Amino acid sequence: MIISGAEAVIHCLLAEGVDLLYGYPGGAIMPVYDELYKFQDKLTHILTRHEQGATHAAQGYARVTGKVGVAMATSGPGATNLVTGLADAQIDSTPIVCITGQVPRHLLGSDAFQETDIIGISTPVTKWNFQITKASEIPTIMAKAFYIARSGRPGPVLIDITKNAQFDTLEFAYESCNGVRSYIPYPKPNRKAIEDAAAMINNAKRPYIVYGQGVILGQAENELKALVEKAGIPAAWTILGLSAMDTDHPLNVGMVGMHGNYGPNVLTNECDLLIAIGMRFDDRVTGSLDTYAKQAKVIHFEIDPAEINKNVKADIAVLGDSKETLGMLLPLIKKNKHEDWHNNFKEKYQIEFDAVIKNDIHPTKKGLTMGEVIEEINLASKNKAIIVSDVGQHQMIACRYAKFNQSKSNVTSGGLGTMGFALPAAIGAKMGAMDREVVAIIGDGGYQMTIQELGVIFQHSVPVKIVVLNNDHLGMVRQWQELFFEGRYASTVMVNPDFVKIAEGYHIQAKRVTERKDLKATVQEMMASKKPYFLEVKVEKEDNVFPMIPSGASVSDIRLK
């Protein structure tokens, strides 16, 4: 059939199974939006209030569904407003495809109205990008975009389409992409490496697993659990690996990293074998590399060859998809328990419980704590909610104390640490999992970065639950100022508006809790609601998140106070 390039874009989306996308129209993408108007019965477009919100919503949708999220914007400022979301998706391996309009081909490079070199700008923060200048290129490039975004280690792709390519016609035929020359998304596992890894695991006295999001992306949750249970190995999560295993599993020992649990951090430097699965040894996990697990042999299960030996040298590298490689490993593993080793984690947990956890969850102080709010949400949701956290103290508290019994339940900005992520990401997450409760946990600072997306919740009646933990500060920065800058709170005190009235202005039910006696009932009311709900909880202004590994310190130097 002979159709316009703009209509071809819509047919490509439908061919890829897309039924929902987020975006913001403008002049250079208007032909595609005009065609989108004609396909409203097949393809739902959600008008976000800012292009950054579109990318984060697409991310939230992708993270809970495993599908490719889609965002769309016009040229110039519309395109540049996508960059933060692209960068976030790139470092967190989230599959999204962003489509931008561009000035006509003959105006490229002329500094035309709303022209910007989005290909040059987005190259460092995308897995792949391409500028389409001819209508005939659209089917092939769109198919390639979705294949690259979802395959191997997922990531963001940007496709820029000049306006002439949208107006021009082509003979449309669509063929899905199943391979790209020189691109090897799934390295072939080396059986010898897997056999060597099995032997090392079987002979270890103090083996220790740290797992990341690669387990979730590879759908290897069952294989991880089977390995942990068969070999009796304590396992800890990174913040993006959280929910790959049930948080209350007896061999799931907690979180690693700067604000992770005491035992998982300290005992990293006491294990004799460190098994890293689908994680990249981020600096927030390792602390000082000079002192990180130097006593241990290291096995690294990883799909991306670029991550091998990048930060931590691996004695054995097992390349490949985690589901496949762990599946090949399991029959070679001998049953074990390592009870004495696991008791070390229990002892360290009790130390942390007495020094930190009991005061976070069951405080004796007058003011409300962030930890007790998360605990009430756990109780009201029976650990079944999807928690979407923003960036800051509340994020660390959520990742420490939220409890999950289902994978793909923790959605947060990991590598980039994007304030403003949670509200739009929660919208996308809820639209991707309408059968589950979605709770956004946000600080008063990050909330105001994308607060305009309340308009999406209002317009589309998205029944997401929003919890703002308000301490009237940029809490994480304030904590560092208190600990390392002699209490000089430079530009971290927030003078906030009335968040409840703002929510009510968007016709969202809203409440504020300032006293402990009102917390449980209000959280239960929120979780029972079938509609959008906003809850502001006024928490202690100078409540710090511990444990904490000071920047650049060893994981052994973790502080409990």
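Scroll up a little and you will see the structure.
Overview of the structure. Throughout, a residue's number is its position along its own chain's written sequence, starting from 1. Residue-level local features of this predicted model are given only where pLDDT is at least 70; pairs of side-chain atoms are given and counted only at 80 or more, and the full residue set underlies all totals for whole chains, interfaces and linings. Hydrogens and waters are ignored; side-chain quantities use all the structure's heavy atoms.

Observations regarding the overall build of the protein
Heads up, the rule is: The helix count covers DSSP runs of H or I at least four residues long, the strand count covers runs of E at least two residues long, and both are numbered beginning at the N terminus. Radius of gyration here uses only the C-alpha atoms, and the compact-globule reference equals 2.2 Å multiplied by the residue count raised to the power 0.38. Exposed residues in this analysis have more than 50% of their type's maximum accessible area, buried residues have under 20%, and partly exposed residues fall in between, with area computed by a 1.4 Å probe over protein chains only. Throughout, a contact is declared for two residues whenever any of their heavy atoms are within 4.5 Å. Accessibility throughout is a Shrake-Rupley quantity obtained with a 1.4 Å probe, and a residue counts as covered only by protein chains that appear here.
The helix and strand inventory of the protein stands at 23 helices and 20 strands. The globule rule puts the C-alpha radius of gyration for 561 residues at 24 Å, and the 24 Å found for the protein is close to it. If one aligns the C-alpha atoms of the protein with their principal axes, the spans along those axes are about 70 × 60 × 40 Å. Put simply, the protein has 561 residues, and 62% of those count as buried. Taking the intrachain contacts of the protein between residues at least 6 apart in sequence as the baseline, contacts between residues at least 24 apart amount to 77%. Total accessible area on the protein stands at roughly 22100 Å², and carbon and sulfur atoms take up 51% of it.

Thoughts on the sheet that holds strand β18 (residues 465–470)
To keep it simple, the criterion reads: Pairs of strands are assigned from DSSP output, requiring at least two bridges between the strands. Axis definition: a line fit to C-alpha positions, over the contact stretch in the case of helices; interaxial angles, taken between N-to-C directions, run 0 to 180 degrees.
Across the sheet, which stays open at both edges, the six strands sit in the order β16-β15-β17-β18-β20-β19 with parallel pairing between neighbours. Each end of this open sheet is capped by a strand with a single partner; those strands are β16 (410–412) and β19 (509–513). Averaged over all pairs of adjacent strands, the angle between strand axes in this sheet comes to 15°, irrespective of strand direction. One ladder, built from five bridges, connects β19 with strand β20 (residues 533–538); its direction is parallel. Note that in β20 the partner of Val513 across the bridge is Val537. Each of β15 (386–389), β17 (438–443) and β18 is contacted by helix α18 (residues 422–432), which is oriented at about 175° to β17, the strand it contacts most.

Overview of the packing of helix α9 (residues 191–203) against helix α14 (residues 322–329)
Let me state the cut-off plainly: By definition in this entry, angles of less than 35 degrees are roughly parallel, angles greater than 145 are roughly antiparallel, angles of 65 to 115 are roughly perpendicular, and the rest are oblique. Working rule for handedness: look at the near helix, and if it is turned counterclockwise from the far one by less than a right angle, call the crossing left-handed; if clockwise, right-handed.
Their axes nearest at 9 Å, the elements α9 and α14 cross at an angle of 60°. Relative to α14, α9 is oriented oblique. By crossing handedness, the relation of α9 to α14 is classed as right-handed. Residue-level contacts link Arg191, Ile194, Ala197, Ala198 and Ile201 of α9 to Thr325, Met328 and Leu329 of α14.

Description of helix α7 (residues 138–150)
Because each turn of an α-helix spans 3.6 residues, side chains separated by three or four positions end up pointing in the same direction. Stated formally: Multiplying one less than the number of residues by 1.5 Å gives the expected span of a helix.
With 13 residues, α7 should cover 18 Å at 1.5 Å per step; its first-to-last C-alpha distance of 18 Å lies within 8% of that length. Within α7, ten of the 13 residues are buried, leaving the element largely enclosed by the surrounding structure. Every buried residue of α7 is listed here: Ile138, Pro139, Ile141, Met142, Ala143, Ala145, Phe146, Tyr147, Ile148 and Ala149. Once α7 ends, the next one or two residues include Gly152, with phi positive near 60°.

Digging into the packing of aromatic side chains
Spelled out, the test is: Aromatic pairing here means that ring centres of Phe, Tyr or Trp (its six-membered ring) are within 6.5 Å. Orientation follows from the plane angle: under 30 degrees is stacked, over 60 is edge-to-face, and everything else is tilted.
In this structure the tally under the stated criterion is ten aromatic pairs. Each ring, one from Tyr208 and one from Phe345, has its centre 5.4 Å from the other, and the planes form 50°; the classification is tilted. In this pair, Tyr208 is assigned in strand β9 (residues 207–211) and Phe345 in helix α15 (residues 339–361), connecting sequence segments 137 residues apart. Judged by its relative accessible area of 4%, Phe345 falls in the buried class. Between Trp480 and Phe484, the aromatic rings sit 5.5 Å apart at their centres with planes inclined by 70°, giving edge-to-face as the arrangement. Of this pair, Trp480 and Phe484 both sit in helix α21 (residues 475–484), separated by four residues, roughly a single helical turn. A relative accessible area of 33% means that Phe484 is categorised as partly exposed. Put simply, the rings of Tyr208, Trp341 and Phe345 pair up and form one aromatic cluster.

Topic: helix α23 (residues 519–528)
Where we set the bar: The arc under discussion is defined with respect to the helix axis, by the directions toward the C-beta atoms.
Those residues of α23 lying buried are Leu519, Thr522, Val523, Met526 and Met527. All buried residues of α23 fall inside an arc of 135° around its axis, so they share one side. Structurally, α23 contributes buried residues whose contacts are with α16 (370–381), β17, β18, β19 and β20.

A short note on the sheet that holds strand β7 (residues 156–162)
Strand order in the open sheet formed by six strands is β3-β2-β4-β5-β7-β6, and the pairing between neighbours is parallel. One side of each edge strand has no neighbouring strand; the edge strands of this open sheet are β3 (44–47) and β6 (128–132). Shown here is a sheet whose adjacent strand axes are inclined to one another by a mean of 20°, direction ignored. The sheet contact formed by strand β2 (residues 20–24) and β3 spans four bridges and is parallel. Residue pairing across strands places Gly23 opposite Leu47, the latter belonging to β3.

A word on the packing of helix α1 (residues 5–15) against α7
Note the following rule: Throughout this entry, Asp, Glu, Lys and Arg are counted as charged residues, while Ala, Val, Leu, Ile, Met, Phe, Trp, Tyr, Cys and Pro are counted as nonpolar. The remaining residues, Gly among them, count as polar.
The interhelical angle for the contact between α1 and α7, taken along N-to-C directions, is 35°, at an axis separation of 10 Å. Viewed along their axes, α1 and α7 form a crossing whose handedness is right-handed. Counting all contacts with α1, which are made through Gly5, Ala8, Val9, Cys12 and Leu13, the residues of α7 involved are Ile138, Pro139, Met142 and Phe146. In terms of residue class, the contact of α1 with α7 is made up of eight nonpolar, one polar and no charged.

Some details on the nonpolar core
Threshold: Note on terminology: a nonpolar core comprises buried Ala, Val, Leu, Ile, Met, Phe, Trp, Tyr and Cys residues joined through side-chain atoms within 4.5 Å. Either an automatic procedure or a domain database provided the assignment from which the domain bounds are taken.
The biggest cluster of nonpolar side chains holds 98 residues, and the ones touching the most others in it are Tyr208, Ile209, Tyr211, Leu274, Ile277, Leu329 and Val467. Among the domains, domain 2 (191–345) and domain 3 (366–538) are the pair contributing at least three residues each to this core. Formed by 52 residues, the second largest nonpolar core is a distinct cluster that contains Leu82, Val125, Val411 and Val500.

Regarding the environment of Asp272
Let me state the cut-off plainly: Any N or O atom pair separated by 3.5 Å or less is treated as a polar contact, with the protein-specific requirement of one donor-capable and one acceptor-capable atom, and with residues adjacent in sequence counted only for side-chain atom pairs.
Relative to the assigned elements, Asp272 resides in the loop between α12 (262–266) and β12 (273–277). Placed 66 residues apart in sequence, Asp272 and Arg206 show a C-alpha to C-alpha distance of 5.2 Å. Beyond its immediate stretch of four places on either side in the chain, Asp272 contacts Ala204, Lys205, Arg206, Pro207, Ala296 and Lys297. Of the polar contacts made by the side chain of Asp272, one reaches the backbone nitrogen of Lys205; its length is 2.8 Å.

Comments concerning the pattern of salt bridges
Rules: In the sections that follow, a salt bridge refers to a side-chain nitrogen of Lys or Arg positioned within 4 Å of a carboxyl oxygen of Asp or Glu.
Taken as a whole, this structure holds 22 salt bridges when the rule is applied. Between Glu486 and Arg488 there is a salt bridge; the shortest N-O distance is 2.7 Å. Taking relative accessible area as the criterion, Arg488 reaches 47% and is therefore assigned partly exposed. Among the charged side chains, a salt-bridge network with shared partners connects Arg153, Asp304, Glu307 and Lys310.

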